[in-house]
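These are the residues of each chain, in order.
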Amino acid sequence: MLRARPTHYTSRPDQWSTLLQALGMVKTVDDDAWCEFDAGSGRLAVGFVEHGHPLDGSTIFGVEVGNLAEFARRTEEDGTQADWNETQDGPTVRISAEDGFEFFAFPATRAADGTWATSTEADPALAVVGNWISPFVGLAANDLRNIGARPRTEDDESATFTTKNGGILRAIHGADSANGDLSFEYDGGLEPLLHRLTEAKIEARISEDVLYVANPDAAGGAAPASIVIEQSPSEQAPASPSS
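Residues numbered from 1 in each chain as written. Predicted model: local features only at pLDDT ≥ 70, side-chain atom pairs only at ≥ 80, totals over all residues. Heavy atoms only, no water.

Draft legend 1. Layout of the nonpolar core. If you look at the biggest cluster of nonpolar residues, it comprises 26 residues, and the most contacted ones within it are Leu144, Ile147 and Leu169. It is helix 3 (residues 137–146) that provides the largest number of residues to this core, a total of four residues. Sequence-distant contacts of leucine 144, defined by excluding residues within four places in its chain, comprise Phe61, Trp132, Ala149, Phe161, Leu169 and Ala171. Counting residues in hydrophobic clusters, the runner-up holds 25 residues, among them Phe37, Val46, Leu126 and Tyr186. (Core = buried A, V, L, I, M, F, W, Y, C linked by side-chain atoms within 4.5 Å. Buried < 20%, exposed > 50% of the residue type's maximum accessible area, 1.4 Å probe, protein only. Helix = DSSP H or I, 4+ residues; strand = E, 2+ residues; numbered from the N terminus. Contact = heavy atoms within 4.5 Å.)

As structure tokens, this is what we get:
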């Protein structure tokens, strides 16, 4: 069991809740300073921090798995370092990648029906994308394979993977290893999604088949101006013969 589950930290949790629910996500955990939202594919945790905190406006790459011990064993067998890590909130597994990047696998919670599915009320077309910036995309891609992610596309600039239980993991070329910004994919036309956002009084626009949504954290200068939502490859228009 493997699912994309990044964590976004913000001093504006109410605005984020409104935005995520307008996107079609469903709040499944609401515990004061910690919330979790299900998409049709993938899950996003949202943690509250005070304005000016170093993490305000940041997204931390991460995944969740069904059996931490088995996940760690298989990841190590496939060649990527995976260490058991005890915290005050319970155990996790720390993955140490070849490019120096580290991220965590968290224990997943089963749905009410006993499966690993996300909420049936979430928009099935929306997928959470966890982004990892790396100067060595090939090395990052190898580590993503070793944790059980499924290759979708790969070139010198990026490598994109799907996961068995939902969400997208992507390695993007950059100067230093780091957490990337939160983004989404949508398996359908973007116009209905734009309409939902507009109805919720959230600023958004479509340009060149990409939906740009006003980032609640941008007001404090802590984050990029927009959150990017791209169409899934199956929904992208084919290139013209002359392109």
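The rest of the description comes next.
Draft legend 2. Structural view of the layout of surface pockets. Considering only enclosed or pocket space, the largest pocket measures out at about 680 Å³ in volume. Lining of the largest pocket is provided by 27 residues; of these, Arg5, Trp34, Asp89, Thr92 and Phe106 occupy positions nearest its centre. Contributing elements (two or more residues each) for the lining of the largest pocket: strand 2 (7–10), strand 3 (26–31), strand 4 (34–38), strand 7 (62–65), strand 8 (81–87), strand 9 (90–96) and strand 10 (102–107). Among the elements that take part in the lining of the largest pocket, strand 10 stands out by supplying five residues, more than any other. Split into classes, the residues belonging to the lining of the largest pocket amount to 11 nonpolar, nine polar and seven charged. (1 Å grid on protein atoms, 1.4 Å probe; cavity = no way out; pocket = protein on both sides within 12 Å on 5 of 7 lines; lining within 4 Å. Points joined across faces, edges and corners; volume = space filled by probe spheres on them. Nonpolar A, V, L, I, M, F, W, Y, C, P; charged D, E, K, R; others polar.)

Draft legend 3. Inspection of the pairing of strand 14 (residues 168–173) at higher detail. Pairing of strand 11 (residues 126–134) with strand 14, which is carried by six bridges, proceeds in the parallel orientation. From the neighbouring strand, serine 134 faces strand 14, where its bridge partner is histidine 173. Bridging between strand 13 (residues 158–162) and strand 14 involves five bridges; their strand directions are antiparallel. Its bridge partner being in strand 14, serine 158 is matched across the sheet by isoleucine 172. (Pairing = 2+ DSSP bridges.)

Draft legend 4. Fine view of the sheet that holds strand 2. Spatially, the five strands line up as an open sheet ordered 3-4-5-2-6, and their pairing is mixed. At either end of the open sheet lies a strand with only one pairing partner, and these are strand 3 and strand 6 (59–60).

Draft legend 5. Representation of helix 2 (residues 68–77) within the structure. For helix 2, the set of buried residues is Leu68, Phe71, Ala72 and Thr75. Seen from one end, helix 2 has its buried residues packed into an arc of 95 degrees, which puts them on one side. Looking at helix 2, the residues exposed on the side facing more than 90 degrees away from the buried face are Arg74 and Glu77. Summarising the contacts, the buried residues of helix 2 are in contact with strand 1 (2–4), strand 7, strand 8, strand 9, strand 10 and helix 3. Between a side-chain oxygen at the N-terminus of helix 2 and the backbone nitrogen of alanine 69 the separation is 3.2 Å; the capping residue is asparagine 67. Phi for glycine 79, located one or two positions after helix 2, is positive at around 110 degrees. (Arc of directions from axis to C-beta. Polar contact = N/O pair within 3.5 Å; in protein donor to acceptor, adjacent residues only side chain to side chain.)

Draft legend 6. Quick peek at the pattern of salt bridges. Summed over the entire model, instances satisfying the criterion amount to 13 salt bridges. Note that glutamate 64 and arginine 3 form a salt bridge whose closest N and O atoms lie 2.5 Å from each other. Pair noted here: glutamate 64 is in strand 7 and arginine 3 is in strand 1, with a separation of 61 residues, a long-range link. The exposure class assigned to glutamate 64 is buried, which follows from its relative accessible area of 2%. The exposure class of arginine 3 is buried, given its relative accessible area of 0%. Residues participating in the shared-partner salt-bridge network are Arg3, Asp38, Arg43 and Glu64. (Salt bridge = Lys/Arg side-chain N within 4 Å of Asp/Glu carboxyl O.)

Draft legend 7. Up close: the sheet that holds strand 7. Strand order across the open sheet formed by five strands is 1-7-10-9-8, with mixed pairing between neighbours. This sheet does not close on itself; its edge strands, each paired only once, are strand 1 and strand 8. The sheet shows a mean angle of 30 degrees between the axes of neighbouring strands, taken without regard to direction. One ladder, built from three bridges, connects strand 1 with strand 7; its direction is antiparallel. Its bridge partner being in strand 7, arginine 3 is matched across the sheet by glutamate 64. (Axes fitted to C-alpha atoms, helices over the stretch in contact; angles between N-to-C directions.)

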